[in-house]
Amino acid sequence: MQNIEFKYDRKEPSDSQIESAKNFDAVLSKAVQQNGFSIGTKSFLAISAIALVALFTWFIFSPDEESSKAVITPLPGFDLEKESYKINVGQENKLTYPTGSVIHIPANAFIDKNGNLIKGEVEIFYREFHNPAEILVSGIPMTYDTLGTQYHFESAGMFDISGIQNKEPVFIHPEKRITVEMASRNEGDYFNQYFLDTVTGNWNYSGKDNFKKIVEDKAAVPVETNPSETLISKVEKPIKPQKEQSDFHSFEIVFNEEEFPELTVYRGLKFQVDKNERNFTADFARTIWENAAIARGTKEGKYLITLSKGEESHSFNCVPVVAEKDYQAAVVEYEKLFSQYKDKESRKLKKQDEKQKLLEAKQEKFEKEQLERQRRENEALKRFSEIYETERTVFRTFEISQFGIWNSDAPSLLPSGQSILASYINENGESIKMNRIFLVEKNKNALFAYADPAKLQFNPESDNILIGITENNKVCVFDQNSFKNLKRADKNQILRMKVSNERTKTVSDVIKLLDT
Amino acid sequence: MDGINISANEAALIKKAQGNPEEFAPLYETYHKPVLMFVFKRVEDFETASDLTSQIFIKAIQNINKYENRGFAFSSWLFRIAINEMNMHFRSSKSARVVSIDSLKAAELVSEINNTKEDLKILEKLLVNLKENELQIIEMRFFEERSFKEIGEILAITENNAKVKTYRIIDKLKTIYKSFL
């Protein structure tokens with residue numbers, strides 16, 4: 001149930017109040033200005049410089065807008081190269097991209113346009129976009145329309161994946177998924193996954209993003225406990241026979257042979273009261289008992305006999321004995337049994353030892369694999385860092401069901417706080433005309449493109465820089481300090497731009513401009 | 001206020017605005033007040049209504065090229081944008097959704113529900129049980145006295161559907177009312 005407040009017979013606003021709320025110019029200005037894009041990244045300067053170099057060429061070779069599709073490469077010759085991998089589809093494949101991203105492809109994962117399973121070799125193409133330069137060059141749209149509002153994407157990384165066989169496109173089998181662990185420089189947990197519909201140019205929401213940090217704690221190995229306690233069943237050690245002694249009372253007791261197999265080997269076995277037993281009296285021998293029970297004693301070779309009659313019962317330790325006439329035969333039997341017992345025990349101990357060694361080898365292998373994995377990931381981290389000048393990164397995992405462009409993004413709105421009507425001059429005070437103008441928020445590593453260079457809006461609290469491209473295709477900059485010196489109250493502003501002397505040819509030329 | 005069917009003159013203005021956003025000015029002049037009042041009745045105060053109205057017209061200008069003349073009033077298109085913007089406002093700001101009740105008009109709604117003249121406070125207990133789209137229909141039909149045709153145009157449903165939905169909502173309110181007895 002929503003939060004509702006009821007108001008009765010409200011006084012309507014007056015005509016003068018309503019009139020004062022009208023301001024078409026302000027509305028029109030905002031409507032036109034709210035038409036850019038933003039990308040959140042780290043290590044912005046060098047990367048945005050690349051973007052600008054790309055843009056210069058764009059304005060020379062700008063494609064016909066009417067024939068444009070959802071994704072167009074605005075800069076011929078500046079298109080980002082794709083990595084190519086040739087794989088045998090009959091087995092699992094694991095591909096690694098230079099940034100450290102990993103693509104896991106299950107076996108038999110592709111079909112042709114008719115739905116037939118593909119066999120043999122397939123070529124996979126893959127590339128990523130992580131910074132404003134790459135995204136600009138890619139031509140990938142970075143706005144997202146939902147519920148009547150247009151948002152701009154802050155990207156944690158995008159990738160473009162496709163596959164062909166004999167120059168024909170292949171498709172992912174509907175029952176298979178390709179896992180892409182995309183290395184990302186953004187550790188935020190507020191991103192979602194989107195897939196680009198290249199027909200409509202719309203991003204389709206695919207789910208919440210999930211990521212893991214590259215350096216992980218070593219997972220605990222589920223080491224098995226020492227199997228000696230569990231694997232080896234109790235080996236029945238034969239009881240060494242003893243000769244019956246006339247000085248002590250002995251009993252013949254019928255017992256369950258299954259329960260006491262060690263006692264079944266001797267013919268004429270009796271139970272003789274242990275010489276140290278103090279609980280036995282001669283009267284017990286003369287009594288007719290109703291019940292007799294045997295249990296193994298606490299000491300090896302001893303048995304506890306319990307005699308009972310009604311409420312009366314007595315327990316005492318006994319040892320199994322044989323009569324003298326049976327003793328020799330019992331000894332022979334014992335030696336045979338003992339030898340068998342020794343062999344059995346030896347075999348079991350050997351098996352136990354082998355199992356233990358296997359476990360240790362398994363543990364060692366696991367630890368090695370973990371170390372190797374960590375080494376590879378650290379290398380990937382280092383590689384990624386070298387390319388993107390960052391020290392920390394995460395892997396964002398996508399389970400994709402189709403080829404195309406996938407994105408880890410968070411919708412956001414344009415910066416606001418101050419609006420100005422801008423005109424531009426160079427350092428000599430001469431008026432210059434801009435083809436395009438871009439706002440950079442250095443503190444957020446974000447880049448926004450405005451449709452109309454004359455109408456700008458920005459957050460005055462951010463570290464802002466303006467980068468423009470003149471009608472003569474020269475780069476110019478309105479630096480951070482100049483921004484800070486803008487008077488808040490003035491709607492109309494003349495911006496003195498620092499224009500490059502030569503036509504900017506290299507990235508380093510632009511970087512120098514941005515650093516000033 | 002009833003929806004205004006598009007005259008030839010207005011159609012020409014819309015076409016101009018689609019070519020150049022600056023040409024939207026006359027449309028802004030015509031519809032600023034109706035949109036502002038539509039919003040004012042649903043939000044806390046005039047300032048909020050004014051801000052939202054600006055946002056609505058910004059959206060209208062940005063999306064004017066998507067507008068097609070299919071025999072619906074242009075105002076209905078604007079009110080549809082207004083409803084979307086207000087919904088986003090309520091979601092993002094967590095501010096209360098206001099229902100502005102005219103006592104006289106509300107009494108008719110109450111009698112529709114329980115055939116008697118009842119304290120208007122019962123209406124609050126009933127209306128809080130409605131979903132947003134149901135509440136919009138009740139407001140537009142009973143408090144703003146819009147036709148089923150216009151309600152349908154604003155909500156992008158047929159006139160007949162608007163009629164059916166209205167009567168279903170009344171039935172729902174009757175059922176809820178009986179549960180209080």
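Residues numbered from 1 in each chain as written. Chains lettered and ligands numbered in written order. Predicted model: local features only at pLDDT ≥ 70, side-chain atom pairs only at ≥ 80, totals over all residues. Heavy atoms only, no water.

Enquirer: Report on the overall build of chain A, specifying residues and quantitative values.
Expert: When helices and strands are tallied, chain A shows 9 helices and 31 strands. By the burial criterion, 44% of the 516 residues in chain A qualify as buried. Across chain A, every contact between residues at least 6 apart in sequence was considered, and the portion connecting residues at least 24 apart equals 72%. Counting every atom, chain A has about 28900 Å² of accessible surface; 46% of that belongs to carbon and sulfur. (Helix = DSSP H or I, 4+ residues; strand = E, 2+ residues; numbered from the N terminus. Buried < 20%, exposed > 50% of the residue type's maximum accessible area, 1.4 Å probe, protein only. Contact = heavy atoms within 4.5 Å. Areas by Shrake-Rupley, 256 points an atom, 1.4 Å probe, with all protein chains shown as cover.)

Enquirer: Residues and numbers for the pattern of salt bridges, please.
Expert: Should the charged atoms of two oppositely charged side chains come close, the side chains can pair. One pass over the structure, following the stated rule, counts 25 salt bridges over all chains. For Lys336 of chain A, the salt bridge goes to Glu333 of chain A, with nearest N and O atoms at 3.8 Å. Taken together, the residues Lys336 of chain A and Glu333 of chain A, both in helix H7 (residues 324-388) and 3 residues apart, mark about one turn of the helix. Assessed through its relative accessible area of 25%, Glu333 of chain A is described here as partly exposed. Notably, a salt bridge pairs Lys357 of chain A with Asp353 of chain A, separated by 3.4 Å at the nearest N-O pair. In this pair, Lys357 of chain A and Asp353 of chain A are both assigned in helix H7, 4 residues apart and thus about one turn of the helix distant. The exposed category is assigned to Lys357 of chain A, whose relative accessible area is 52%. Residue classification places Asp353 of chain A among the partly exposed positions, given a relative accessible area of 39%. Through salt bridges that share partners, Arg42, Arg97, Glu132, Glu139, Glu144, Arg146 and Glu150 of chain B make up one connected network. (Salt bridge = Lys/Arg side-chain N within 4 Å of Asp/Glu carboxyl O.)

Enquirer: Requested: an account of the side chain of Gln193 of chain A, with residues and values cited.
Expert: Mapping Gln193 of chain A onto the fold places it in strand E12 (residues 192-197). Discounting residues that sit within four places of it in the chain, Gln193 of chain A has contacts with Asn204, Tyr205, Ser206, Gly207, Lys208, Asp209, Asn210, Thr397, Phe398 and Asn407 of chain A.

Enquirer: So, the confidence of the model for chain B: which residues are in play, and what are the values?
Expert: Residue and element names in this part refer to chain B. Per-residue pLDDT for chain B has a mean of 86; in total, 93% of the residues score no lower than 70. The secondary-structure element of chain B with the lowest mean pLDDT is helix H5 (residues 103-114), recorded at 80, while helix H2 (residues 25-40) shows the highest, at 95. Across the predicted assembly, pTM comes out at 0.41 and ipTM at 0.89. (pLDDT = per-residue confidence, 0-100.)

Enquirer: Give me the lowdown on the interface of chain A and chain B, citing residues and values where you can.
Expert: Taken together, the contacts link 29 residues of chain A with 48 residues of chain B. Both faces combined, the contact of chain A with chain B buries some 3400 Å², and carbon together with sulfur accounts for 59% of it. Viewed at the interface, chain B and chain A are joined by 2 salt bridges. Taking the shortest distance from any N to any O, the salt bridge between Lys22 of chain A and Glu29 of chain B comes out at 2.9 Å. For the pair chain A and chain B, the interface holds 17 residue pairs in polar contact (both at pLDDT 80 or more). (Buried area = accessible area lost by both parts, 1.4 Å probe. Polar contact = N/O pair within 3.5 Å; in protein donor to acceptor, adjacent residues only side chain to side chain.)

Enquirer: For the nonpolar core, give the residues involved together with the corresponding values.
Expert: The biggest cluster of nonpolar side chains holds 67 residues, and the ones touching the most others in it are Phe24, Val39, Phe74, Leu123, Leu127, Ile138 and Phe143 of chain B. If we ignore the near neighbours within four places in the chain, the residues touching Leu127 of chain B are Ile4 and Phe6 of chain A together with Leu135, Ile138, Phe143 and Leu173 of chain B. (Core = buried A, V, L, I, M, F, W, Y, C linked by side-chain atoms within 4.5 Å.)

Enquirer: Quick one: what's the story with the pairing of strand E29 (residues 475-478) of chain A, residue by residue and with numbers?
Expert: All names here are of chain A. Going residue by residue along E29, you find Val475 and Val477 tucked away on one face and Cys476 and Phe478 tucked away on the opposite face as well. The pairing of strand E28 (residues 464-470) with E29 spans 4 bridges and is antiparallel. Its bridge partner lying in E29, Leu466 is registered against Phe478. Where E29 and strand E31 (residues 498-499) come together, 2 bridges link them in antiparallel fashion. By the bridge assignment for E31, Cys476 is matched with Val499. (Pairing = 2+ DSSP bridges.)

Enquirer: Any chance you could break down the packing of aromatic side chains for me, citing the residues and the numbers?
Expert: Residue and element names in this part refer to chain B. Considering all chains together, one arrives at 27 aromatic pairs over all chains under this definition. Ring centres 6.3 Å apart and planes at 75 degrees place the aromatic pair Phe24 and Phe57 in the edge-to-face group. Of the two residues, Phe24 is situated in the loop between helix H1 (8-19) and H2 and Phe57 in helix H3 (residues 46-62); the sequence distance between them amounts to 33 residues. Of the two residues, Phe24 and Phe57, neither departs from the other in class, the shared state being buried. Between Tyr31 and Phe74, the aromatic rings sit 5.6 Å apart at their centres with planes inclined by 55 degrees, giving tilted as the arrangement. Taken as a pair, Tyr31 in helix H2 and Phe74 in helix H4 (residues 74-93) lie far apart in primary sequence, 43 residues in all. For the pair formed by Tyr31 and Phe74, the shared burial category is buried. (Phe/Tyr/Trp six-rings, centres within 6.5 Å; stacked < 30°, edge-to-face > 60°.)

Enquirer: Run through the environment of Ser50 of chain B, naming residues and quoting values.
Expert: Residue and element names in this part refer to chain B. Mapped onto the elements of the fold, Ser50 is located in helix H3. Of the residues examined, Ser50 reaches a relative accessible area of 14% and is grouped as buried. In this structure the C-alpha to C-alpha distance between Ser50 and Val35, which are 15 residues apart in sequence, comes to 9.6 Å.

Enquirer: So what about the confidence of the model for chain A? Which residues, and what values?
Expert: Residue and element names in this part refer to chain A. The predicted model of chain A averages 75 in pLDDT, with 72% of residues at 70 or higher. Taken as a whole, residues 73-78 scores under 50 in pLDDT and shows 20 contacts with residues more than four places along the chain or in a different chain. Across residues 216-235, confidence stays below pLDDT 50; counting only partners more than four residues off in sequence or on other chains, it has 23 contacts.

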